[in-house]
Amino acid sequence: MVPGEQMVSSRARKVTTNTLQEMKRSGEKIAMLTAYDYSLARLVDGAGVDVILVGDSASNVMVGNDTTVPITLDHMIYHAQCVINAVDRALVVVDMPFGSYQGDSKLALKSAIRIMKESGGHAVKIEGGKEIVDSIKRILTAGIPVMGHLGLTPQSIYKFGTYSVRAKEEAEAEKLMEDAIALQEAGCFSIVFEKIPAKLADEVSKELEIPTIGIGAGPECDGQVLVLHDMLGITKDFSPRFLRRYADLGGVVDDAVREYIEDVRQGSFPNSEESY
Ligand code: KIV
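Residues numbered from 1 in each chain as written. Predicted model: local features only at pLDDT ≥ 70, side-chain atom pairs only at ≥ 80, totals over all residues. Heavy atoms only, no water.

Domain annotation for the protein chain reports domain 1 (5–245) and domain 2 (249–276). Here the C-alpha centroids of domain 1 and domain 2 sit 39 Å apart. (Domains from an automatic or database assignment.)

Right, here's the structure in full:
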């Protein structure tokens, strides 16, 4: 250490795509969570999460839609701006919404540039395999890092018709392996695997040099991601097997709001100390 230089913990350093590659190489697991607004993103970043995903799951948990299909590029940019304002350390990845990249690599580049320029996000995430490789390559020409997303891809819900586990059959598992390799070769810095068998996620994670992040994909991925509102117990009607609830914030909010209503109705809030 140079005299006078302060020792900085690796946890205090800003996370970049290079940090994630190093974490994979050294076997350090990557912790990723979603966030969509300033206040929760501030808490999540302050607690030390490595990656914050401004997920298009905002369509479900922020807006109340049944699927991620309706959320727009403008909405995603707005949520990403709120998160970016809060974050000091984490790498912020922004989901490209349905209709902003499929089947048109020029549109994909235009959408990704809008996300980066207007929100200040650090990278984009995009769902799909070989069929979106052209879009990934074109986005990368602008120097925008791309995270892939394979397995259950919620933007294609109307094609599959169900949110069940993907790639259980051999043919689909082989296709997932090929897609993952194609995404790595196209230049993705990481790939999310959603709801696939743990054994398959393990095999593909070992095959790839880039880090894999699992949600319902077992413990052998290089990192894990959960939707913040699900793991905090704010959403109650979604209980897949892979979800671990770390808190019951729904219960805490319900109790607090009921107590407040009672106090207001009884005239015990505000008291003299809470008045001017
Ligand atoms: O939008 C989202 O929250 C996601 C995660 C489920 C990975 O894509």
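After that view of the structure, there is still more to cover.
So, about the packing of aromatic side chains. Evaluation of the coordinates by the stated rule reveals one aromatic pair. A cation over an aromatic ring shows up here: Arg 166 above the ring of Phe 160, its NZ or CZ 4.5 Å from the ring centre. (Phe/Tyr/Trp six-rings, centres within 6.5 Å; stacked < 30°, edge-to-face > 60°. Lys NZ or Arg CZ within 6 Å of the ring centre and 35° of its normal.)

Moving on, we come to helix α2 (residues 38–47). The set of residues buried in α2 consists of Ala 41, Val 44 and Asp 45. The buried residues of α2 occupy an angular sector of 95° when projected down its axis, which confines them to one face. For α2, exposure combined with an orientation more than 90 degrees from the buried face picks out Leu 43, Gly 46 and Ala 47. The inward-facing, buried residues of α2 abut β1 (30–34), β2 (51–54), α4 (73–84) and α10 (228–231). With a side-chain oxygen lying 3.1 Å from the backbone nitrogen of Ser 39, the N-terminal cap of α2 falls on Asp 37. The first or second residue beyond α2 is Gly 48, which carries a positive phi of 105°. (Buried < 20%, exposed > 50% of the residue type's maximum accessible area, 1.4 Å probe, protein only. Helix = DSSP H or I, 4+ residues; strand = E, 2+ residues; numbered from the N terminus. Arc of directions from axis to C-beta. Contact = heavy atoms within 4.5 Å. Polar contact = N/O pair within 3.5 Å; in protein donor to acceptor, adjacent residues only side chain to side chain.)

Residues in contact with the ligand, as listed here, are Thr 34, Leu 53, Gly 55, Asp 56, Ser 57, Asp 95, Lys 125, His 149, Val 192, Glu 194, Ile 215 and Val 227. With respect to the ligand, the side chain of Asp 56 contributes an N or O atom lying 3.0 Å from an oxygen atom. Here Asp 95 contributes a side-chain N or O atom positioned 3.1 Å from an oxygen atom of the ligand. In isolation the ligand exposes 260 Å². Once the protein is present, 95% of that is buried. In the shell around the ligand, the residues fall into four nonpolar, four polar and four charged. (Near = heavy atom within 4 Å. Areas by Shrake-Rupley, 256 points an atom, 1.4 Å probe, with all protein chains shown as cover. Nonpolar A, V, L, I, M, F, W, Y, C, P; charged D, E, K, R; others polar.)

Bringing the state of the cysteines into the picture now. Across all of its chains, the model carries zero disulfides by this definition. Between Cys 188, a free cysteine, and Cys 221, which holds the nearest cysteine sulfur, the sulfur-to-sulfur gap is 15 Å. (Disulfide = S-S within 2.5 Å.)

Between Phe 269 and the following residue, Pro 270, the backbone shows a cis peptide bond with an omega angle of -5°. Note on placement: Pro 270 falls in the segment after α11 (249–266). One non-glycine residue, Ala 167, lies in the positive phi region at around 60°. Within the element layout of this structure, Ala 167 appears in the loop between α7 (157–160) and α8 (170–186). With phi around 50°, Lys 195 is a residue other than glycine that occupies positive phi space. Inspection of the secondary structure puts Lys 195 in the loop between β6 (190–194) and α9 (198–207). Taking the relative accessible area as the measure of exposure, Lys 195 reaches 19% and is therefore buried.

Right, let's get into the side chain of Thr 212. Among the structural elements, Thr 212 can be located in strand β7 (residues 212–215). For Thr 212, a relative accessible area of 0% gives the class buried. Within the structure, the side chain of Thr 212 is placed 2.7 Å from the side chain of Ser 205, a separation counted as a polar contact.

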